[in-house]
Amino acid sequence: MALINRILIVLLTAVFLYSSSPAQENKITKENIQHAEKINGLEFNDAERDSMLDNLDEQLGNYNKIWSLNLPNSIPPAITFNPVPIGFKFDQKQMPVKFSDYNNIKLPANRDDLAYYSIGELAHLIKSKQITSTELTKFFIERLKKFSPKLLNVITLTEDRALAEARKADEEIAGGKYRGLLHGIPFGVKDLLSTKTYKTTWGATPYKEQVIDEDATVIKKLNEAGAVLAAKFTMGALAWGDVWFGGMTRNPWDTTRGSSGSSAGSASAVSAGLIPFAIGTETWGSIVSPSTVCGVTGLRPTYGRVSRTGAMALSWTMDKIGTICRNTEDLAIVFNTIYGADGIDQTLYEAPFNYNPKADLKKLKIGYLKNDFERKYPFHNNDSLALKKLEELGAQLIPIELPDIPVGDISFILSAEAAAAFDELTRSNKDDLLIRQVKNAWPNVFRSARFIPAVEYINANRVRFMLIQEMQKLMEKVDLYISPSWVGSNLLLTNLTGHPSVVLPNGFSERGTPTSITFIGRLFDEGTIIAVAKTFQDATDYHKKHPVFDLE
């Protein structure tokens, strides 16, 4: 049995040291195995290597048959990730979801001011018939046309569809059928969500003409709520960074710099007032990072909250769909529409979303990552002031520390799953078409990940199981906690465990670009962190600052 286990460990490595030709003379040799041992930190004797040969050749034949199936990116593995700790109890009761009162909102004298109105404010203008959805949609489409060529944050403008949906919204509202706060509100999505008729490029050259002729579940849910799809936004190619096949998405606060990624276009467009809200995704920082540098507010929900049907798969056990907005309550408005089962995505959990805009910080146990906040890092001063503001608002901050588990050493879980998701791209050598070809980019990561043994991938997930249990012990001590957005292991750790987070602006750097702070919640408790973040945001005005960008 020990020998069989060793065979499994080196098998994948041996495969890629062997030519794919079926010719007899190219069969795996003992020398191939000996070289593969070094990559996996193993050492066999000559007799053991000789014993492996038939098994390795046979299993290579199995792989060839699997490859011939040409599995599309949309096919998930039959193994699913479970973020739920032992003994975890789901909230069973759905309370009425409450939002703030927007009844005093008036149409501004200068209509350009609408660019930075919140969803709630725009919703009241539509509901009270101060403006039509068609007028609002045309307003944002014109801004998208004017500014996106310089910000490079739009891949496809869905103008015809948007105007048709806006006209439908106006007809329904005029007829007394008002669907709610999103009815008639324009929005955009990261271009890894499929849409009928329009291209879904994944930001990558090999897929720039790809059409997946169906709407992703998230888009369907937003359309059912009456929202109007106006654009598909840029993303770092295959969800890494801000470089796509059309260039680098620009940060409206400093157009010489990128908007980070991979939800690059979504954050850039919301920041520049080109759209009221946008859908993004996060696997390891792809909502938190662009929201930070663009000065917008982002929600990364709990893993298993929002259907990924119709979304490009990068990591089946880490991908999460969230939203990027002007303020925290907008997050709640959108999330209240997009969360929940769709009957297709089998990774979803049934849990209520309980949100109330009023949070009593004195009654909550709020932790903070003491050691991380005490480090020297670029956002330190702004983060310290944010903690002080929370204390002024009544919070009694409890010092906590994350579990002492080496999360960086299991981050290759993402690499292994991404390599599987884009297996054909690597084997066909079409990965050469991707713009970024440096060592720290997908083509090299995909190739390197082919040498991750299945045994080590499984062991890494066993460590991940331990991490989930330890995080549950921590979260039993607090209702939520505060973390620096980029410092320490929190960003990776919580993406591995699936905990929800809200990121929001908390000041500006010496360069004049935004900084942020992050609120982490218990599993499936987005309502609490949104409400607490709203309390902080209502006491500050950083989210009301807008970039003044020179695009001439």
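Just so you know, these numbers come straight off a predicted model, no measurement behind them. (Residues numbered from 1 in each chain as written. Predicted model: local features only at pLDDT ≥ 70, side-chain atom pairs only at ≥ 80, totals over all residues. Heavy atoms only, no water.)

### Notes on the overall build of the protein
Next up, step 1: What the protein contains, in helices and strands, is 18 helices and 15 strands.
Next up, step 2: By the compact-globule yardstick of 24 Å for 552 residues, the protein fits well, its C-alpha radius of gyration being 24 Å.
Next up, step 3: A buried classification covers 58% of the 552 residues belonging to the protein.
Next up, step 4: Relative to all contacts within the protein whose residues are 6 or more apart in sequence, the contacts with residues 24 or more apart total 76%.
Next up, step 5: Accessible surface, the protein as shown: approximately 23,500 Å² in total, 51% of it carbon and sulfur. (Helix = DSSP H or I, 4+ residues; strand = E, 2+ residues; numbered from the N terminus. Rg over C-alpha atoms; globule rule 2.2 N^0.38 Å. Buried < 20%, exposed > 50% of the residue type's maximum accessible area, 1.4 Å probe, protein only. Contact = heavy atoms within 4.5 Å. Areas by Shrake-Rupley, 256 points an atom, 1.4 Å probe, with all protein chains shown as cover.)

### Remarks on the environment of Trp486
Next up, step 1: Looking at where Trp486 falls in the secondary structure, it is placed in the loop between strand S13 (480–484) and helix H17 (490–497).
Next up, step 2: For Trp486, a relative accessible area of 42% gives the class partly exposed.
Next up, step 3: C-alpha separation for the pair Trp486 and Leu331, spaced 155 residues apart in sequence, amounts to 21 Å.

### Digging into the pairing of strand S7 (residues 254–258)
Regular strands show a simple pattern: their side chains alternate between the two faces of the sheet.
Next up, step 1: Of the strand pairs in this sheet, strand S6 (residues 250–251) and S7 are connected by 2 bridges, and their pairing is antiparallel. Residue pairing in the sheet places Asn251 in a bridge with Asp254 of S7.
Next up, step 2: The hairpin formed by S6 and S7 contains 2 residues between the paired strands. (Pairing = 2+ DSSP bridges.)

### Quick look at the side chain of Thr494
Next up, step 1: Mapped onto the secondary structure, Thr494 falls in helix H17.
Next up, step 2: Thr494 sits in the buried class, given a relative accessible area of 0%.
Next up, step 3: Polar contacts involving the side chain of Thr494 include one to the main-chain carbonyl oxygen of Asn490, which spans 2.7 Å.
Next up, step 4: Look past the residues within four positions of Thr494 in its chain and what remains in contact with it is Arg300, Tyr481, His499 and Ile520. (Polar contact = N/O pair within 3.5 Å; in protein donor to acceptor, adjacent residues only side chain to side chain.)

### Here's the deal with the packing of helix H10 (residues 328–338) against helix H18 (residues 526–538)
Next up, step 1: Look at H10 against H18: their axes get within 8 Å of each other, and the N-to-C directions meet at 155 degrees. Relative to H18, H10 is oriented roughly antiparallel. Between H10 and H18, the residues in contact are Thr328, Glu329, Leu331, Ala332 and Phe335 and Glu526, Ile530, Ala533, Lys534 and Gln537, respectively.
Next up, step 2: Residues of the contact of H10 with H18, tallied by class, amount to 5 nonpolar, 2 polar and 3 charged. (Axes fitted to C-alpha atoms, helices over the stretch in contact; angles between N-to-C directions. Parallel < 35°, antiparallel > 145°, perpendicular 65-115°, else oblique. Nonpolar A, V, L, I, M, F, W, Y, C, P; charged D, E, K, R; others polar.)

### Re helix H3 (residues 46–67)
Next up, step 1: Between its first and last C-alpha atoms H3 spans 31 Å; for 22 residues at 1.5 Å apiece the expected length is 32 Å, and the two agree.
Next up, step 2: Residues of H3 that are buried: Arg49, Met52, Leu53, Leu56, Asp57, Leu60 and Trp67.
Next up, step 3: The N-terminus of H3 is capped by Asn45, whose side-chain oxygen sits 3.1 Å from the backbone nitrogen of Ala47. (Expected span 1.5 Å × (residues − 1).)

### Points about a nonpolar patch on the surface
Next up, step 1: Taken together, the side chains of Ile66, Leu69, Leu71 and Ile75 make up a nonpolar region of the molecular surface, amounting to roughly 390 Å² of accessible area.
Next up, step 2: Counting through the fold element by element, Leu69 comes out in the loop between H3 and helix H4 (119–127).
Next up, step 3: In this structure Leu69 comes out as exposed when scored by relative accessible area, which is 57%. (Patch = residues over 30% accessible without salt bridge, like charges linked within 9 Å, V, L, I, M, F, W, Y side chains within 5 Å. Salt bridge = Lys/Arg side-chain N within 4 Å of Asp/Glu carboxyl O.)

### Observations concerning the environment of Gly340
Next up, step 1: Here Gly340 shows up in the loop between H10 and strand S11 (366–369).
Next up, step 2: Under the relative-accessibility criterion, Gly340 is labelled buried at 11%.
Next up, step 3: Each C-alpha atom, one on Gly340 and one on Asp409, is 32 Å from the other, the two residues being 69 residues apart in sequence.
Next up, step 4: Discounting residues that sit within four places of it in the chain, Gly340 has contacts with Lys221, Arg305, Ser307 and Leu348.

### Digging into the packing of helix H16 (residues 454–475) against H17
Next up, step 1: Interaxial distance between H16 and H17 falls to 9 Å at its minimum, and their mutual angle equals 100 degrees. Relative to H17, H16 is oriented roughly perpendicular. Facing H16, whose interface residues are Arg464, Leu467, Ile468 and Met471, H17 presents Leu493, Asn495, Leu496 and Thr497.
Next up, step 2: Classifying every residue of the contact of H16 with H17 by side-chain character gives 5 nonpolar, 2 polar and 1 charged.

### Some words on helix H7 (residues 217–224)
Next up, step 1: Along H7, the positions that sit buried rather than exposed are Thr217, Val218, Ile219, Lys221 and Leu222.
Next up, step 2: Elements that come into contact with the buried residues of H7 comprise helix H6 (159–174), strand S2 (186–190), strand S3 (228–233), strand S8 (278–282), strand S10 (320–325) and H10.
Next up, step 3: Among the residues trailing H7, Gly226 stands out with phi positive, at a value near 95 degrees.

### Some thoughts on the pattern of salt bridges
Next up, step 1: For the structure on display, the rule yields 23 salt bridges.
Next up, step 2: A salt bridge links Asp254 to Arg511; its shortest N-O distance comes to 2.6 Å. Here Arg511 lies in the loop between strand S14 (501–508) and strand S15 (514–521) and Asp254 lies in strand S7, a separation of 257 residues in the sequence.
Next up, step 3: Asp254 sits in the buried class, given a relative accessible area of 15%.
Next up, step 4: Residue classification places Arg511 among the exposed residues on the basis of a relative accessible area of 53%.
Next up, step 5: When salt bridges that share partners are traced, they join Arg161, Glu165 and Asp215 into one network.

### Some thoughts on the packing of aromatic side chains
Next up, step 1: Counted under the stated rule, the structure contains 25 aromatic pairs.
Next up, step 2: The interplanar angle of 50 degrees and the centroid separation of 4.7 Å between the aromatic rings of Trp202 and Tyr207 together place this pair among those described as tilted. Like Tyr207, Trp202 is buried.
Next up, step 3: A centroid spacing of 6.4 Å and a plane angle of 50 degrees characterise the contact between Phe519 and Phe536, whose relative ring orientation is tilted. Here Phe519, found in strand S15, pairs with Phe536, found in helix H18; they are 17 residues apart in sequence, far enough to count as distant.
Next up, step 4: In this structure Phe519 comes out as buried when scored by relative accessible area, which is 1%.
Next up, step 5: These aromatic residues form a ring-pair network of at least three members: Trp202, Tyr207, Trp240, Phe422, Trp442 and Phe446.
Next up, step 6: For Arg436, the ring lying beneath its charged end belongs to Trp240, and the centroid distance is 5.4 Å. (Phe/Tyr/Trp six-rings, centres within 6.5 Å; stacked < 30°, edge-to-face > 60°. Lys NZ or Arg CZ within 6 Å of the ring centre and 35° of its normal.)

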